[in-house]
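Understanding the architecture of this molecule
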Amino acid sequence: MSPKPTCHLIRPESSYEGKQGLSYFTGIAAETVGSSGICMHLLTMPPGARAKAHMHESHETAIYVLSGEVHTWYGDRLEQQIVVKAGDLFYIPAGVPHLPANLSASPASAVIARTDPNEQESVVLLPQLDGQVA
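Right, let's walk through the structure included here. (Residues numbered from 1 in each chain as written. Predicted model: local features only at pLDDT ≥ 70, side-chain atom pairs only at ≥ 80, totals over all residues. Heavy atoms only, no water.)

Our focus in this paragraph is the overall build of the protein chain. A count of helical and extended segments in the protein chain gives one helix and eleven strands. Considering only C-alpha atoms, the protein chain reaches an extent of 50 × 30 × 25 Å along its principal axes. Considering the protein chain as a whole, with its 134 residues, one finds that 41% of them fall into the buried category. If you take every contact in the protein chain between residues at least 6 apart in sequence, the share linking residues at least 24 apart comes to 70%. Within the structure as shown, the protein chain displays about 7400 Å² of accessible surface, and the carbon and sulfur contribution to it stands at 57%. (Helix = DSSP H or I, 4+ residues; strand = E, 2+ residues; numbered from the N terminus. Buried < 20%, exposed > 50% of the residue type's maximum accessible area, 1.4 Å probe, protein only. Contact = heavy atoms within 4.5 Å. Areas by Shrake-Rupley, 256 points an atom, 1.4 Å probe, with all protein chains shown as cover.)

Right, dumping it as structure tokens:
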């Protein structure tokens with residue numbers, strides 16, 4: 001018999017290295033609180049940081065930028081680009097390749113939520129696309 005679900009408090013004091021090449025603060029996930037349908041983390045990208053091209057195979061992503069700005073290339077060949085700034089909300093559908101980068105001289109922080117409760121399970125690296133973005 002499973003234990004009765006309960007609330008959990010997470011203080012993002014530790015971090016882990018994601019497959020995408022960025023360091024994420026530990027947040028809400030199956031691994032930390034036993035969530036079954038959502039994962040939420042805090043990400044701070046230092047100036048010049050860039051993720052590896054990737055997608056989340058079967059899961060949607062919602063991002064709220066707290067500070068700074070992030071350039072994100074997306075699409076089958078990373079042919080589209082958007083600049084997401086502090087106060088913006090950004091949605092990435094499941095299966096859409098993307099590559100975020102902080103091209104500014106200041107850190108950029110964001111809250112990231114995905115419909116995958118596991119921290120890294122749905123991350124699919126797309127090394128063939130890394131060279132599409134200079």
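A separate point is the nonpolar core. Residues L22, Y24, L43, M45 and I63 are the most contacted members of the largest nonpolar core, which totals 16 residues. At the level of elements, β3 (39–45), β5 (61–67), β8 (89–92) and β10 (108–114) are the ones that each hand at least two residues to this core. Here the element with the most residues in this core is β10; it accounts for three residues. Look past the residues within four positions of I63 in its chain and what remains in contact with it is D88, L89, F90, I92, A110, V111 and I112. (Core = buried A, V, L, I, M, F, W, Y, C linked by side-chain atoms within 4.5 Å.)

Right, let's talk about the side chain of N118 for a bit. The residue N118 is located in the loop between β10 and β11 (123–125) in this model. Side chain to side chain, N118 and E121 meet in a polar contact 3.3 Å long. Beyond its immediate sequence surroundings of up to four residues, N118 is in contact with A30, E31 and C39. (Polar contact = N/O pair within 3.5 Å; in protein donor to acceptor, adjacent residues only side chain to side chain.)

Before going further, it helps to examine the sheet that holds strand β1 (residues 15–17). Taking strand neighbours across the sheet as the criterion, the six strands line up as β1-β2-β3-β10-β5-β8 in an open arrangement whose pairing is antiparallel. Edge positions in the sheet fall to β1 and β8, since each of these pairs with one other strand and no more. Adjacent strand axes in the sheet meet at a mean angle of 30° when their direction is disregarded. Bridge count between β5 and β8: four bridges; the pairing is antiparallel. What sits directly across from T61, in β8, is I92. (Pairing = 2+ DSSP bridges. Axes fitted to C-alpha atoms, helices over the stretch in contact; angles between N-to-C directions.)

Here we take up the packing of aromatic side chains. Summed over the entire model, instances satisfying the criterion amount to two aromatic pairs. Ring centres of Y16 and Y24 lie 5.7 Å apart, and the angle between their planes is 20°; on these two criteria the pair is classed as stacked. In terms of burial, Y16 and Y24 fall into one category: buried. Considering the side-chain rings of Y74 and F90, the 6.4 Å spacing of their centres and the 65° angle between planes classify their relative orientation as edge-to-face. Of this pair, Y74 sits in strand β6 (residues 69–74) while F90 sits in strand β8, and the two are 16 residues apart along the sequence. (Phe/Tyr/Trp six-rings, centres within 6.5 Å; stacked < 30°, edge-to-face > 60°.)

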